[in-house]
Amino acid sequence: MFDFCTDMKICTQNHFNINQKQRPVLKKLQPVPASNRMKSEGDVFCTGVKGVSFLVEKEINGYLKSITFKTPIEPHKALEVLANTKNEYVSYELLSHLHNQTQIKVMSEDIKRINELKGYKVHKMIGMGAYAFVFETTDGKILKITDMNHFPNNRKPDFFDLPLLKTGNKGYTFYYLEEKVSQNDLAQDELRTLVRQIKNRGYKMRDYLMHYSGLTEDENAIIKKEQFGRAKNGKVYLIDPGCAVAPPKHFFNPKTIKDKIFDILKKQKFKR
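This section reports on the structure supplied with the text. (Residues numbered from 1 in each chain as written. Predicted model: local features only at pLDDT ≥ 70, side-chain atom pairs only at ≥ 80, totals over all residues. Heavy atoms only, no water.)

### Quick look at the nonpolar core
Then step 1. Of all hydrophobic cores here, the largest spans 30 residues; its most connected members are Ile67, Phe69, Leu79, Met125, Phe133 and Phe135.
Then step 2. Counting residues per element, this core draws most heavily on helix α2 (residues 75-84), which supplies five residues.
Then step 3. In this view, Ile67 contacts Phe54, Leu55, Val56, Leu82, His123, Lys124 and Met125; residues no more than four positions away in its chain are not counted.
Then step 4. By size, the runner-up hydrophobic cluster in this structure holds 17 residues, among which are Phe160, Ile198, Val236 and Leu238. (Core = buried A, V, L, I, M, F, W, Y, C linked by side-chain atoms within 4.5 Å. Buried < 20%, exposed > 50% of the residue type's maximum accessible area, 1.4 Å probe, protein only. Helix = DSSP H or I, 4+ residues; strand = E, 2+ residues; numbered from the N terminus. Contact = heavy atoms within 4.5 Å.)

### Overview of a positive patch on the surface
Then step 1. Together, Lys77, Lys112, Lys118 and Lys121 make up a region of like positive charge exposed at the surface.
Then step 2. Tracing the backbone through its elements, the reader meets Lys77 in helix α2. (Patch = residues over 30% accessible without salt bridge, like charges linked within 9 Å, V, L, I, M, F, W, Y side chains within 5 Å. Areas by Shrake-Rupley, 256 points an atom, 1.4 Å probe, with all protein chains shown as cover. Salt bridge = Lys/Arg side-chain N within 4 Å of Asp/Glu carboxyl O. Lys, Arg positive; Asp, Glu negative; His and termini not counted. Charge placed at Lys NZ, Arg CZ, Asp CG, Glu CD.)

### Side note on helix α4 (residues 101-112)
Then step 1. Its 12 residues give α4 an end-to-end C-alpha distance of 16 Å, which sits within 8% of 16 Å, the value for a rise of 1.5 Å per residue.
Then step 2. Looking at α4, one finds that the buried residues are Gln101, Thr102, Gln103, Ile104, Met107, Ser108, Asp110 and Ile111. (Expected span 1.5 Å × (residues − 1).)

### Concerning the packing of aromatic side chains
Then step 1. Scanning the model with the defined rule gives four aromatic pairs in all.
Then step 2. Ring centres of Phe160 and Tyr203 lie 4.9 Å apart, and the angle between their planes is 85°; this geometry places the pair in the edge-to-face category. Separated by 43 residues along the polypeptide, Phe160 in the loop between β8 (141-146) and β9 (164-170) and Tyr203 in the loop between α5 (188-200) and β11 (204-205) bring together distant segments of the chain.
Then step 3. On the accessibility criterion, Phe160 (0% relative accessible area) is buried. (Phe/Tyr/Trp six-rings, centres within 6.5 Å; stacked < 30°, edge-to-face > 60°.)

Without other data, these values stay purely geometric and don't point to any function.
What follows is the structure, encoded as structure tokens:
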């Protein structure tokens, strides 16, 4: 259920302090009722960027699944298209993810000034969160554009993070260029193994379980596959670095120290 179209516009803005910087962001809104989404008339949407048209695909429950551009465009133009749409359905989806016109335009202007992205074009938006837009480039890579550092507390990428091909920022906006991963072949056992390895390094995991009571974490709880992915090298990585919060600098893992002690004792034994 989709089609192509062209031309239009929306204007909603709010401001508040975040991360000690003043920037245009939207205050928390109530999610759009599924009934409102389902009432949307077809999947025909228009933009305010001349000559650019796109189609929208919805999930079965009416939520936004993806946006495909009829002709591939530069990343900053893709954001401009989203900023200027006034279609009620797309506007609701953007606002329910805390993205308003002013904020998206700021991201677009920032990205436009990043020389490392010149020459890249995107043909599809495949995901959206409260902080990020996820696009697929014409050469099959994933480009994440966020309005803040995607790594909590500016932590450095670790062994479990999907390796970055390119990254950088201008103003408030960051970009991350990554390999496109597969997710349909992930097993819960290997996800649990990776999560244990991450926790053993002292990281606190968040937003990675399908059902989380906030009181206990069941070892057998179902892990969200969408937060992980398998790279071409066969390894499974965390693809949303926001799920792993780095340990304090003084953190140490007793198990790791034990293992080191055993290694030292073994070496001494073999020297005798």
